[in-house]
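Tertiary structure, described
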Amino acid sequence: MSGVLCFSLLGTDMDRNIWKSRRRRGQSRHQSPALGQCDSSGRYTTGASQSSQDSGHHDAESPSTSSRRTGESSVPELPGFYFDPEKNRYFRLLPGHNNCNPLTKEGIQQKEIESRRLQLLQQEDMQKKKITRVGFNASSLLRKNQLGFLNFSSYCRLSHELRVSCMERKKVEIQSSDPSALASDRFNFIMADTTSDRLFTVNDVKIGGSKYGIINLQGLKAPTFEVHMHENLYFTNRKVNSVCWASLNHLDSHILLCLMGLAETPGCATLLPASLFVSNHQAGTDQPGMLCSFRIPGAWSCAWSLNVQANNCFSTGLFRRVLLTNVVTGHRQSYRINSDVLAQQFAVKTPLLFNGCRSGEIFAIDLRSPSQAKGWKATQVFHDSAVTSVQVFKEEQYLMASDMAGKIKLWDLRAIKCVRQYEGHVNEYTYLPLHMHEEEGILVAVGQDCYTRIWSLHDARLLRTIPSPCPTSKANIPSVAFSPRLGGPRGAPGLLMAVQQDLYCFAYSSSCPDSQEEGRWELPSVSNEDIL
């Protein structure tokens, strides 16, 4: 009997010890989930760093090893803690309002975003040739065209897509009479004129405010990529809400700026002659154009009319109102609406002004109808968020629009419906323009995440995503301009990107098809039928 009792007590002690050892192993696995992994037989296997002699040296592991183990094992999320894959351990998150806190969720996310950006930049530099569509390259496109499998329009469109995917980043050297200003002033945004000969720039000055300049692109050629900045003494301490080129004396003779009011100074729309920015201007040789300013309170957007039925006129989008102004006569016509107008563009063939509102509404104003009439709204479509950009196609049967929810939609104005949507754009609350180019069949937009994305107009395929050369932040969103003729008719095609104090050119690579001669890129335009 005593033997049986001793055996029972011994068995109880053994069970208790086994239970305690299992509990200790479970706690150790819970505290360091990346230390052990279960194989097919149910046993936990450990690496060299998990041995008893190396158990205190997890911080010395390489990032690749720790990240690989993190990917292989599921790391549970603990409230108030952050698991660092490089350190292979948990860290406590402190409140974000503590200025001395070295670790916050925002800082962790920013670190991950910056790491991803650097990886993409490295891939961009290493991978010179990229494939936008499987089975299509320079030789296959040319062969399919020769055999008749591709019509001429499709061949041109796909060739442009291939060229865009092969663009290489080059830093542009900016020459100016004041080099010290170039080193301190940051690019706010850039805007190319109709012929892509010039860039109008708005730069944030270090002491506060903004100044304007015009960059001559005539010298933008490989391999030097040099441009000259023409500056002027025009300076403003008010925010520039909107800018567009204006054709008053001749094509792109002026720049129209909408400035926000400040304190007791009201907002205004100003016409600046482009000739004022030419440093070698001589009196009597080229008369400067009209310089005028119109008192307009709180203008969010502006557009210049090239329609003959609204000659010498510009429009401004205000608080629940659209204002049409004639520069020569000073006559004004006001249209009252139910929301703020954030984007505008005039049609050329038809007397229509397209407007995008904060409410998500996009409507067209018939310029032939007076503001008191009931039928001045010609077209009306809706987005789910505030519209930040509207672009009308040349045939004026389609309209491209983007909003603050990151949606880019192609609208058929005849059927009044969305026929295509372009995925991947990132926006939450920022005014971000669209750059549509029918001749090349591409669409360009910069997201709030500072990535520049290029889509095919034909089928909404995302052709390329370009990371910013500078660290990602709200203040470093790049401003871009694309053209097949940067610097004039004989210029090189590509993408210009302005960020911080630097200007970059993403030029077409010489390895693309039809590059018969360096500096010459002659491809016919893509037809509207092929795009749509």
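Residues numbered from 1 in each chain as written. Predicted model: local features only at pLDDT ≥ 70, side-chain atom pairs only at ≥ 80, totals over all residues. Heavy atoms only, no water.

1. Focus on the overall build of the protein
- For the protein, the count of helices and strands is 7 helices and 32 strands.
- Nonlocal contacts in the protein, meaning residues at least 24 apart in sequence, comprise 48% of its contacts between residues at least 6 apart.
- Surface exposure of the protein reaches about 27600 Å², of which carbon and sulfur atoms provide 51%. (Helix = DSSP H or I, 4+ residues; strand = E, 2+ residues; numbered from the N terminus. Contact = heavy atoms within 4.5 Å. Areas by Shrake-Rupley, 256 points an atom, 1.4 Å probe, with all protein chains shown as cover.)

2. Section: the nonpolar core
- Counting residues in each nonpolar core, the largest one holds 20 residues, and the members touching the most others are Met 167, Ile 454 and Leu 495.
- Listing elements by their share of this core, those giving two or more residues are β27 (442–446), β29 (462–466), β30 (479–486), β31 (492–499) and β32 (502–507).
- In terms of nonpolar packing, the next biggest core, distinct from the first, is built from 19 residues, Ile 174, Ile 215, Leu 496 and Ala 507 among them. (Core = buried A, V, L, I, M, F, W, Y, C linked by side-chain atoms within 4.5 Å. Buried < 20%, exposed > 50% of the residue type's maximum accessible area, 1.4 Å probe, protein only.)

3. Quick word on the packing of aromatic side chains
- In total, this model carries 9 aromatic pairs according to the counting rule given.
- Arranged with centres 6.5 Å apart and planes meeting at 10 degrees, the rings of Trp 304 and Phe 314 form a pair that is stacked. Residue Trp 304 is located in strand β14 (residues 301–304), and its partner Phe 314 is located in strand β15 (residues 313–318); the two are separated by 10 residues in the primary sequence.
- With a relative accessible area of 8%, Trp 304 lands in the buried category.
- Phe 314 sits in the buried class, given a relative accessible area of 0%.
- Ring plane angle 55 degrees and centroid distance 5.3 Å describe the contact between Tyr 335 and Trp 376, whose orientation is recorded as tilted. Here Tyr 335 is found in strand β17 (residues 332–336), whereas its partner Trp 376 is found in the loop between β20 (361–366) and β21 (377–382), with 41 residues between them in sequence.
- Residue class for Trp 376 comes out buried when judged on its relative accessible area of 9%.
- Pairwise contacts between aromatic rings join Phe 200, Tyr 212, Trp 245 and Phe 277 into one cluster.
- Above the plane of the ring of Trp 300 lies Arg 358, whose end atom (NZ or CZ) is 4.9 Å from the centre.
- Directly above the aromatic system of Phe 363 lies the positively charged group of Lys 377, at a separation of 4.7 Å from the ring centroid. (Phe/Tyr/Trp six-rings, centres within 6.5 Å; stacked < 30°, edge-to-face > 60°. Lys NZ or Arg CZ within 6 Å of the ring centre and 35° of its normal.)

4. Remarks on the sheet that holds β20
- The 4 strands lie next to each other as β18-β19-β20-β21, forming an open sheet whose pairing is antiparallel. Strands with a single pairing partner mark the edges of an open sheet, and in this sheet they are β18 (341–346) and β21. Across this sheet, the average inter-strand angle for adjacent strands is 15 degrees, counted without regard to direction.
- As paired strands, β18 and strand β19 (residues 352–357) are joined by 5 bridges and run antiparallel to one another. Bridge pairing in β19 links Phe 346 to Leu 353. (Pairing = 2+ DSSP bridges. Axes fitted to C-alpha atoms, helices over the stretch in contact; angles between N-to-C directions.)

5. Some thoughts on the pattern of salt bridges
- In total, this model carries 13 salt bridges according to the counting rule given.
- Between Arg 453 and Asp 449 there is a salt bridge, with the nearest N and O atoms lying 2.8 Å from each other.
- Counted as one network, the salt bridges with shared partners bring together Lys 394, Glu 439 and Arg 485. (Salt bridge = Lys/Arg side-chain N within 4 Å of Asp/Glu carboxyl O.)

6. Quick look at the sheet that holds β14
- The 4 strands lie next to each other as β14-β15-β16-β17, forming an open sheet whose pairing is antiparallel. Pairing within the sheet leaves two strands with one partner each, and these edge strands are β14 and β17. Taking the axes of each pair of neighbouring strands and ignoring which way they run, one obtains an average angle of 15 degrees across the sheet.
- Across 5 bridges, the pairing between strand β16 (residues 321–326) and β17 is antiparallel. Among the inter-strand pairings, Leu 323 is bridged to a residue of β17, identified as Ser 334.

7. Description of a nonpolar patch on the surface
- A surface patch of nonpolar side chains, amounting to about 300 Å² of accessible area, comprises Met 260, Trp 300 and Phe 319.
- Note that Trp 300 resides in the loop between β13 (292–295) and β14.
- We classify Trp 300 as partly exposed; its relative accessible area is 32%. (Patch = residues over 30% accessible without salt bridge, like charges linked within 9 Å, V, L, I, M, F, W, Y side chains within 5 Å.)

8. What about the pairing of β20?
- Counted residue by residue, β20 has 6 buried out of 6 residues, so it is predominantly covered.
- Side chains Glu 361, Phe 363 and Ile 365 of β20 all project onto a buried face; the interleaved residues Ile 362, Ala 364 and Asp 366 project onto the opposite face, where all are buried too.
- In terms of strand pairing, β19 meets β20 through 5 bridges, oriented antiparallel. Looking at the pairing, Leu 352 lines up with Asp 366 of β20.
- The antiparallel pairing of β19 with β20 creates a hairpin that spans 3 residues between the two strands, and Gly 360 there sits at a positive phi of about 100 degrees.

9. Re the side chain of Asn 476
- Here Asn 476 lies in the loop between β29 and β30.
- Judged by its relative accessible area of 8%, Asn 476 falls in the buried class.
- Side-chain polar atoms of Asn 476 contact the side chain of Arg 186, separated by 2.7 Å.
- Within polar-contact distance, the side chain of Asn 476 engages the side chain of Ser 473 at 3.1 Å.
- Sequence-distant contacts of Asn 476, defined by excluding residues within four places in its chain, comprise Arg 186, Cys 450, Ser 468, Pro 471, Val 499 and Gln 500. (Polar contact = N/O pair within 3.5 Å; in protein donor to acceptor, adjacent residues only side chain to side chain.)

10. Re the environment of Arg 133
- Its place among the elements puts Arg 133 in the loop between α3 (105–126) and α4 (138–147).
- A relative accessible area of 10% means that Arg 133 is categorised as buried.
- For Arg 133 and Glu 161, which are 28 residues apart along the polypeptide, the C-alpha to C-alpha distance reads 9.1 Å.
- Residues within four places of Arg 133 in sequence aside, it is in contact with Arg 157, Leu 158, Glu 161, Ser 456, Asp 459 and Arg 461.

11. Regarding the confidence of the model for the protein
- Taken as a whole, the protein shows an average pLDDT of 78; of its residues, 75% reach a score of 70 or greater.
- Here residues 1–73 is a poorly scored stretch, pLDDT under 50, and it has 51 contacts once near neighbours within four places are set aside; other chains count.
- Taken as a whole, residues 513–524 scores under 50 in pLDDT and shows 29 contacts with residues more than four places along the chain or in a different chain. (pLDDT = per-residue confidence, 0-100.)

12. What about the state of the cysteines?
- Per the counting criterion, the structure on display carries 0 disulfides.
- Here Cys 244 stays free of any disulfide, with the sulfur of Cys 302 as its closest cysteine sulfur at 3.9 Å. (Disulfide = S-S within 2.5 Å.)

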